[in-house]
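Each chain, letter by letter, is given below.
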Amino acid sequence: MTTPLLRGLNPEQLAAVTLPHESALILAGAGSGKTRVLTTRIAWLIQSGQASPSGIFAVTFTNKAAKEMLARLGALLPINTRGMWIGTFHGLANRMLRAHHREAGLPALFQILDSADQLGAIKRLLKALNVDDEKYPPKQLQHFINGCKEQGLRAQKVEAFDPYTRKQQELYAAYDEQCQREGVVDFAELLLRCHELLLHETALRRHYQSRFQHILVDEFQDTNHLQYQWLKLLAGEQAAVFAVGDDDQSIYAFRGARVGNMADFERDFHVKEIIRLEQNYRSHGNILDAANALIRHNQSRLGKNLWTAEGSGEPIRVFEAHSDYEEAGFIVDEVKALQREGIPLSGIALLYRSNAQSRVLEHALFNAAVPYRVYGGLRFFERQEIKHALAYLRLIGNSDDDGALLRVLNFPARGVGARSLESLQEIARSEGVSLWQAAQLKRLGGKAGVAIQGFSALVENMREACAALPLAEQVEHMLEQSGLLAHYKNEKEGADRLENLNELINAAAAFELEYSREAGEEDVDPLTAFLSHASLEAGEHQAIAGQEALQLMTVHAAKGLEFHAVFLSGLEEGLFPHENSSREKDGVEEERRLMYVAITRARRRLYLSYADSRMLHGQQRYGIASRFLEELPPSLLKRINRDSAPQPMQRPATRAESAGASGWHIGQAVSHPKFGPGIIINSEGRGADARVQVSFSHAGVKWLALEYARLEAV
DNA sequence: TTCCAACTGTTTTTT
DNA sequence: ACAGTTGGAA
């Protein structure tokens, strides 16, 4: 069994890769070669003849991970990726639904709604049903619907014991009807529909169950309930499921991820033994020791301890700043110092808990002329002009898509105002047809009627003209005919948008080329495929290392990446761990895992910093060091002081209120008999009514009445 | 239809 | 602080 494939694997990795045909759980710590194991496993299965490429089903969460897996697989084996089912949960569900749209009860050209589209659809629904959107906020309803779907619950299966939930349930049912009528499917629906397809179509289920003998799952700790059920169904009794995950890196419980799936998996799939990958190839010892020490404070863990063959390296640097300004200044200075040492900027990351924190940092970097790049902005396919263009394309494929029609019926403006639209909607409602069909009835007279007929004719013309054109030319033609190009040419700030629309043509051309090359077994027309691609893959905004710029991102966005040096800023109670997390069950444990992820991003050098005061939501806030700092062994830390001049930047003091004449003031350190030490961060009222808000080290943020609370100055 | 003022909600986010 | 959205007036 000597094959170059297995060379250089450590014993645990080797054991995982060469497991026999049985389900297995691989606990893969940060930097332990997880992706390598996953891809080598697939290559090994194929090379040793245990599986054919078409028998492999490998699923990831992000497109980036899927692409990387394909790329690395290509480097290991000269195999055709055609016929292999490797992709994201949603991508693979889409693929299956396209192939069996009839059985799934969907039109051949069903379109996919992204979150924004979905929210729009819900708002539309509420308006049509005359529901008060103050009482039932669309966002909340969206959350409710997606939550139900992720639990695998259709509207009629939802348990509602109070009137409010019953109403939500009713709206959920109406929403699904609306989607069905319009031939559109949201993200959660892709998975739920696919699950139901396999559940109800026995022949189909058997077919796929016997075909996919090897199912591999990446980032298993991030799966939600529905995804787990789907995998279980697809696996059946026969398939070997190779699940790779790290419970310590589960940071998406807030959006439905269920770490408990790992324990369930162990039981449901009769996992004989969990394989632990604990050797870390990324970081020096001190960094790993800190990460291990921190995560040991979590109660619910499967248990794991990272180690490295490297030395302990440098101590972890800790910096306390007086203000967020000073913190930013410190980081800039250190970045410049690292740069002088020859570390490329792209190898340095600046991490923070929440996006709002990036502003001060950006400001300081800008002033110091340090090039930087912020990840996490608006993505390509989410831009307004692109959404408009896609809406026209969607109408070409499926005119009943009311959401798309509403978006562009009067964009660019063509004289269809709110009133005409209302009449059109009235016709559609009374006839029970889509807006498009209502327009075809030609019942509207006057100017409005003419304008709407003009729009119908426009779309019809586009459809005819596009039928014979290659994809990129379809897009080009549509942009011209719709008047979008002309509109943005006239717009003052339209240059960027025009550029993006141009980029859309390029994207279509690139997609078409790729698509024709690897035409799969279950083809759909290129336009529909392109639209699915646009929804499912909104455009990269995950970090692509490379460009010579400092990398700024949230800790969440940094998962899966590594850097020579990492700055983790804003380590204050209330920020990290975030104050909202203390209200949620196991919230602080998730925050701690987040901190664990942050620490393990660093290869060689790690900076932790916090500020005594910080501007947040337009107010000065006073914080104390994060409890996570105290959970790190002091022996690994080195506190550093700014060696330059004494704090050069002092912001003009904001008006400091005093809580009556009591002598308490904001920023004062205090102690409470029950809650322990804390800092006064706000106050209101005077005399007997005076209350202060205190941020406690361990008890969170509380309002206390001075008359009763036995506060002591420290 | 367009523009501006007032108002709101600010943890993390992929598909 | 601030961006994004909404509602009303022009």
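About the criteria used
- Residues numbered from 1 in each chain as written.
- Chains lettered and ligands numbered in written order.
- Predicted model: local features only at pLDDT ≥ 70, side-chain atom pairs only at ≥ 80, totals over all residues.
- Heavy atoms only, no water.
- Phe/Tyr/Trp six-rings, centres within 6.5 Å; stacked < 30°, edge-to-face > 60°.
- Helix = DSSP H or I, 4+ residues; strand = E, 2+ residues; numbered from the N terminus.
- Buried < 20%, exposed > 50% of the residue type's maximum accessible area, 1.4 Å probe, protein only.
- Lys NZ or Arg CZ within 6 Å of the ring centre and 35° of its normal.
- pLDDT = per-residue confidence, 0-100.
- Contact = heavy atoms within 4.5 Å.
- Near = heavy atom within 4 Å.
- Nonpolar A, V, L, I, M, F, W, Y, C, P; charged D, E, K, R; others polar.
- Salt bridge = Lys/Arg side-chain N within 4 Å of Asp/Glu carboxyl O.
- Axes fitted to C-alpha atoms, helices over the stretch in contact; angles between N-to-C directions.
- Parallel < 35°, antiparallel > 145°, perpendicular 65-115°, else oblique.
- Left-handed = near helix turned anticlockwise from the far one by under 90°.
- Pairing = 2+ DSSP bridges.

1. So, the packing of aromatic side chains
Here comes step 1: Scanning the entire structure with this criterion turns up 23 aromatic pairs.
Here comes step 2: An angle of 70° between the planes, with centres 6.1 Å apart, marks the rings of Phe330 and Tyr607 as edge-to-face. Residue Phe330 is found in helix α13 (residues 324-340), and its partner Tyr607 is found in strand β14 (residues 602-616); the two are separated by 277 residues along the sequence. By the burial criterion, Phe330 is buried, and Tyr607 matches it.
Here comes step 3: Look at Phe411 and Tyr488: their rings are 6.1 Å apart centre to centre, the planes differ by 45°, and that puts the pair in the tilted class. Of this pair, Phe411 sits in the loop between α16 (402-408) and α17 (418-431) while Tyr488 is found in helix α21 (residues 484-490), placing the two residues 77 residues apart along the sequence. The residues Phe411 and Tyr488 share a single accessibility class, namely buried.
Here comes step 4: Site record: aromatic cluster; members linked through ring pairs are Phe57, Phe61, Trp85, Phe89, Tyr208, Phe212 and Trp230.
Here comes step 5: Its end group placed over the ring of Trp85, Arg95 keeps NZ or CZ at 4.2 Å from the ring centre.
Here comes step 6: One residue, Arg255, lies across the ring of Tyr252, its end atom 3.7 Å from the ring centre.

2. Structural notes on the confidence of the model for chain A
Here comes step 1: Per-residue confidence for chain A gives a mean pLDDT of 88; residues scoring 70 or more make up 91%.
Here comes step 2: Note on residues 645-661: pLDDT is under 50 here. Beyond four places in sequence and across chains, it has 22 contacts.

3. Comments concerning the protein's contact with DNA strand C
Here comes step 1: For DNA strand C, the full set of nearby residues is Lys123, Arg359, His617 and Gly618.
Here comes step 2: Each atom of DNA strand C within 4 Å of the protein was assigned to sugar, phosphate or base; sugar and phosphate come to 40%.
Here comes step 3: Taken together, the residues of the surface near DNA strand C break down into no nonpolar, two polar and two charged.

4. What about the pattern of salt bridges?
Here comes step 1: Per the counting criterion, the structure on display carries 46 salt bridges.
Here comes step 2: Residues Lys559 and Asp222 are paired through a salt bridge, measuring 2.8 Å at the closest nitrogen-oxygen approach. Taken as a pair, Lys559 in the loop between α24 (555-558) and β13 (563-568) and Asp222 in the loop between β6 (214-217) and α10 (225-235) lie far apart in primary sequence, 337 residues in all. In this structure, Lys559 and Asp222 share a single accessibility class: buried.
Here comes step 3: Here Asp248 makes a salt bridge to Arg301, at a shortest N to O gap of 2.7 Å. Separated by 53 residues along the polypeptide, Asp248 in the loop between β7 (240-245) and α11 (260-268) and Arg301 in the loop between α12 (285-295) and β9 (316-323) bring together distant segments of the chain.
Here comes step 4: A cluster of three or more residues bridged by salt bridges with shared partners is formed by Lys149, Arg154, Asp176, Asp186, Glu189, Arg193 and Glu196.

5. Considerations on the packing of helix α5 (residues 115-128) against helix α6 (residues 138-150)
Here comes step 1: Viewed as axis vectors pointing N to C, α5 and α6 meet at an angle of 115°, and their least axial separation amounts to 9 Å. The angle between α5 and α6 falls in the class roughly perpendicular. Considering the relative orientation of α5 and α6, their crossing is right-handed. Touching Ser115, Gln118, Leu119, Ile122, Lys123 and Leu126 of α5 are Pro138, Lys139, Leu141, Gln142, Ile145 and Asn146, all from α6.
Here comes step 2: Of the residues assigned to the contact of α5 with α6, the class counts are six nonpolar, four polar and two charged.

6. Regarding the pairing of strand β12 (residues 550-554)
Here comes step 1: The buried fraction of β12 amounts to five of the five residues, a majority that puts the element mostly inside the structure.
Here comes step 2: Neither face of β12 is left uncovered, since the one carrying Leu550, Leu552 and Thr554 and the one carrying Gln551 and Met553 both have all their residues buried.
Here comes step 3: Where strand β10 (residues 348-352) meets β12, four bridges bridge the pair, whose relative direction is parallel. Across the sheet, Tyr352 pairs through a bridge with Thr554, a residue of β12.
Here comes step 4: One ladder, built from three bridges, connects strand β11 (residues 372-374) with β12; its direction is parallel. The partner of Arg373 across the bridge, within β12, is Gln551.

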